[in-house]
Amino acid sequence: MGKVTRFLNQHGLVVLAHSLMVLLIVIVSNLQPSIILFAVSSVVPIYLNHFVLIPRLLNERKLWKYVANVLLMLVVYYFFFYTVMRAFFYVGNDLGMKNHKPEHFWDQLLLGMTMFVTVLLVIFGLVTSIIRLIHDSMSVAEMRERLSSIQGEKMAAELTGLKSQINPHFFFNSLNSIYALSLDASPETPSYILKLSGLMRYVLYECNQPFVALSKEIEFLRSYIDLQRIRLNEKYTVEFVVEVEQEEQPIAPLLFLPLIENCFKHGLGAVSSSSIKILLKADAEQVYLRTENPYTPSMLNKPNREGGHIGLANVEKRLKLIYPDRHQMSYKSEGYIFTSEITIKP
């Protein structure tokens, strides 16, 4: 039953159209024997075209081969039909042509009748071919739509997975730092709790959207850096410079966080004193982020240590998915300073 249903879905319209045209021409001709002969003989070329020539040649963009095969098929059909009609006359059946008696093999009346049914065959073939091509184009469009939907779902799932790869140790470290402040009865404790709450709210709710306003991402990064500063003493400095013209410009959420995480992960404890520099610039043309932090070669050469280059790979994957051909990313280590840069054209 399933095979029958699939066959009807794919070929039912062509079969129906051919059947209706055959029925109509037979009725209009008042059941003329030669037309009935045409109705029966048209099955082979019509369905040879439908099942073989169109899918194997025309759909494969082999236009000239398709045209040549169709012309060859029409020539063969012409001579076949004429020969069959001539054979009927030879055995005494005039096919309803009022006792016509051909004097020669190439009879003018039979040649004209054969030409007439060949033209009918061309018309039938055009109608069924157009139906087949329309059906194929609709099927291709539907397949592309499904593929696009699947790719969209896959991309959304991959982006969700990449966004979820934020280092959870940050939240635990922040809680520990805030707890230490509370033990010292620091007046800044409530503000840091509020910052941490804002970060968690942003990650859980705001980041469900594919894009957020750049101002929200900047606010998130400021809070993140402020919480990281709790653990720092006088020998560490953090410089976060923001030069943004359009703060409501949309940006993918949490895109810059892995790079800033790396600054603190590899910059703290790398040398006796440390300076972390973060620059974020944006205008109507592009968004630019640059980070600088000290590092020790032994840490940089261990990519599996606390994630290593996973954060950078995370960013690169998201950039390729969200900003294909509209981004640049680079990073280098020189003079015990690790630098990363991202340029995005929204």
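Above this text is the structure in question.
Just so you know, these numbers come straight off a predicted model, no measurement behind them.

J.: Account for the packing of helix 7 (residues 189–204) against helix 8 (residues 214–229), with residues named and values stated.
T.: For the pair helix 7 and helix 8, the least separation of the axes is 10 Å and the interaxial angle reads 135 degrees. Judged on the interaxial angle alone, helix 8 and helix 7 are oblique. As for how helix 7 packs across helix 8, the hand of that crossing is left-handed. Of the residues in helix 8, those touching helix 7 at Tyr192, Lys195, Leu196, Leu199, Tyr202 and Val203 are Lys216, Glu217, Phe220, Ser223, Tyr224, Asp226 and Leu227. In terms of residue class, the contact of helix 7 with helix 8 is made up of 8 nonpolar, 1 polar and 4 charged.

J.: Quick one: what's the story with the nonpolar core, residue by residue and with numbers?
T.: In terms of nonpolar packing, the biggest core is built from 47 residues, with Phe256, Phe264 and Ile344 touching the most fellow members. Per-element accounting of this core gives the leading share, 7 residues, to helix 8. If sequence neighbours within four positions are ignored, Phe264 has contacts with Tyr224, Ile225, Gln228, Leu232, Val238 and Ile276. Counting 31 residues, the second-largest nonpolar core is a separate cluster that includes Phe38, Ile46, Val70 and Tyr78.

J.: Talk me through unusual backbone geometry; I want residue IDs and the actual numbers.
T.: A positive phi angle is found at Leu31, which is not glycine, with a value near 60 degrees. Examined against the element boundaries, Leu31 turns out to sit in the loop between helix 1 (2–28) and helix 2 (33–41). Look at Leu31 and you get exposed, because its relative accessible area is 54%. At Asp325, a position not held by glycine, the phi torsion is positive, near 60 degrees.

J.: How would you explain the pairing of strand 5 (residues 287–294) if you had to name every residue and give the values?
T.: Looking along a regular strand, one sees side chains alternate from face to face of the sheet. Of all 8 residues in strand 5, 7 are buried; the element is thus mostly enclosed. Note: strand 4 (residues 274–282) against strand 5, 6 bridges, orientation antiparallel. For Lys277, the partnering residue across the bridge sits in strand 5 and is Glu292. Here strand 4 folds back onto strand 5 in antiparallel fashion, the turn holding 4 residues. Bridging between strand 5 and strand 7 (residues 337–344) involves 8 bridges; their strand directions are antiparallel. In the strand pairing of strand 7, Val287 is matched with Ile344.

J.: With reference to specific residues and values, describe the pattern of salt bridges.
T.: Scanning all chains against the criterion turns up 5 salt bridges. Here Asp226 and Lys195 are joined by a salt bridge, their closest N and O atoms 3.2 Å apart. Of this pair, Asp226 sits in helix 8 while Lys195 sits in helix 7; the two residues are 31 residues apart in sequence, bridging distant segments of the chain. Where Asp226 meets Arg229, a salt bridge forms, and the shortest distance between an N and an O atom there is 2.9 Å. Of this pair, Asp226 and Arg229 are both found in helix 8, 3 residues apart, which corresponds to roughly one turn of the helix.

J.: Explain a nonpolar patch on the surface residue by residue, including any values.
T.: On the surface, a nonpolar cluster with roughly 470 Å² of combined accessible area is contributed by Val122, Leu126, Ile130, Ile134 and Met138. Positionally, Val122 belongs in helix 5 (residues 108–163).

What counts, and where the lines are drawn
Residues numbered from 1 in each chain as written. Predicted model: local features only at pLDDT ≥ 70, side-chain atom pairs only at ≥ 80, totals over all residues. Heavy atoms only, no water. Axes fitted to C-alpha atoms, helices over the stretch in contact; angles between N-to-C directions. Helix = DSSP H or I, 4+ residues; strand = E, 2+ residues; numbered from the N terminus. Parallel < 35°, antiparallel > 145°, perpendicular 65-115°, else oblique. Left-handed = near helix turned anticlockwise from the far one by under 90°. Contact = heavy atoms within 4.5 Å. Nonpolar A, V, L, I, M, F, W, Y, C, P; charged D, E, K, R; others polar. Core = buried A, V, L, I, M, F, W, Y, C linked by side-chain atoms within 4.5 Å. Buried < 20%, exposed > 50% of the residue type's maximum accessible area, 1.4 Å probe, protein only. Pairing = 2+ DSSP bridges. Salt bridge = Lys/Arg side-chain N within 4 Å of Asp/Glu carboxyl O. Patch = residues over 30% accessible without salt bridge, like charges linked within 9 Å, V, L, I, M, F, W, Y side chains within 5 Å. Areas by Shrake-Rupley, 256 points an atom, 1.4 Å probe, with all protein chains shown as cover.

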